[in-house]
Amino acid sequence: MIIGVLKEVKVGENRVGLIPAFVSTLVKQDHEVIVESTAGDGSGFSDEDYLKAGAVIAENANEVWEKADLIIKVKEPIQSEYDKIRKDQTLFTYFHFAPNVELTDAMINSGAICIAYETVTDNNGKLPLLAPMSAIAGRMSVLVASNLLQKKFGGFGVLPCGVPGVLPSKILILGGGNVGLNAAYIAHGLGADVVVFDNYQPALDRLMNIFKGQVKTAYSTMSNILDHLYDADIVIGAALVVGASTPKLVTRDMLNNMKKGSVIVDVSIDQGGCFETSRPTTHDEPFYEVSGVLHYCVTNMPGAYARTSTISLNNATYPFIEKLANLGIKKALSIDQNLRNGLNICEGSITNQAVATSQGRLATKPEVFLN
């Protein structure tokens, strides 16, 4: 199989879909890997590293798009890439289709096979390709918010960890999954006053067991959230509904009663965000202010720590990439239910029910295309 690796074109995205170590393994299994020149520079992998691993270096992205059967990316294609995608091609990347009708239409019209990292599962029903980036984004969210609390950014001017004689900041985390757990880990480590909300009791039990009660937990009801929202210094949006748009947990009206200079970090923004006032931002212009509250809504947060993120992501994605390459796309999808759960669009049809429901469309069962 011919496998293509592109240089990411999304603003501030420095990760790369496949690292040299795994390129070498694929080449030894008689696959051809074409890597766009400088694709790995942002993550610390040079063209020379890829050449030593046995890759072919393409001078430009067009060459990769034209030749590759399987495209490995990190982030979803953007508008400038839409017309390069072929109907006989497979894309394996983060798509986050639910809130993005334009992207969904483009991929339907392309006729390509679109396998989304974020809905691939494991044997326990977890999301192994979302987990490593969720961990990084969760940990990063508290660090970013702590920085934005500085007065020079318009923040409230409170040091999250406090000092002797001065109370620490209050941090709310909306969602107790992987993002929320990792955000709580950093927030607790800083010494902040931390409350995590979730409506899944096992997630709350896990947090209680890990932090021995030193991180507070509450069932995610509007009443409970309101009891804590208005005196919070930082609010982390960490809610997730697999494949679907994120529910809005904080409305514009609620925002008006929050502290001026408090900070929102909406890690859920890839799926539409859990704050009514959230809109996607970039690493170049990462935050904005609404009603005196700073909003950080970067859609590719882990790209800021590209080396760590790339290696962690590759560790998770590679077994699936290898299966797709060695078995062929449709055979791999047919025999692996976990990989098939990642199939969101196939040959002009939506094949993920959550995506279809979010956009008011019909879904076709994946098996229709795989038999």
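Below or above, wherever it landed, is the structure these notes cover. For clarity, every value in this text was computed on a predicted model and none was experimentally measured.

Moving on: the sheet that holds strand S10 (residues 234-237). Strand order in the open sheet formed by seven strands is S9-S8-S7-S10-S11-S13-S12, with mixed pairing between adjacent strands. This sheet does not close on itself; its edge strands, each paired only once, are strand S9 (216-219) and strand S12 (287-290). Going from strand to strand, the sheet's axes swing by 20 degrees on average, the running direction of each strand aside. Here strand S8 (residues 193-198) pairs with S9 via four bridges, running parallel. Bridge pairing in S9 places Val195 opposite Lys216. Its contacts with the sheet place helix H6 (residues 178-190) against strand S7 (170-174), S8 and S10, and it is angled at close to 170 degrees to S7. Contacts from helix H7 (residues 201-211) reach S8 and S9 within the one sheet, and its direction differs from that of S9 by about 170 degrees.

What follows covers unusual backbone geometry. Phi is positive for Thr38, which is not a glycine, with a value near 70 degrees. Structurally, Thr38 is set in the loop between strand S2 (32-36) and helix H2 (47-52). Even without glycine at this site, Ser291 takes up a positive phi of about 55 degrees. Relative to the elements of secondary structure, Ser291 occurs in the loop between S12 and strand S13 (293-296).

Basis of the calculations
- Residues numbered from 1 in each chain as written.
- Predicted model: local features only at pLDDT ≥ 70, side-chain atom pairs only at ≥ 80, totals over all residues.
- Heavy atoms only, no water.
- Pairing = 2+ DSSP bridges.
- Helix = DSSP H or I, 4+ residues; strand = E, 2+ residues; numbered from the N terminus.
- Axes fitted to C-alpha atoms, helices over the stretch in contact; angles between N-to-C directions.
- Contact = heavy atoms within 4.5 Å.

Honestly, that's just the spatial picture; any functional story needs more than this.
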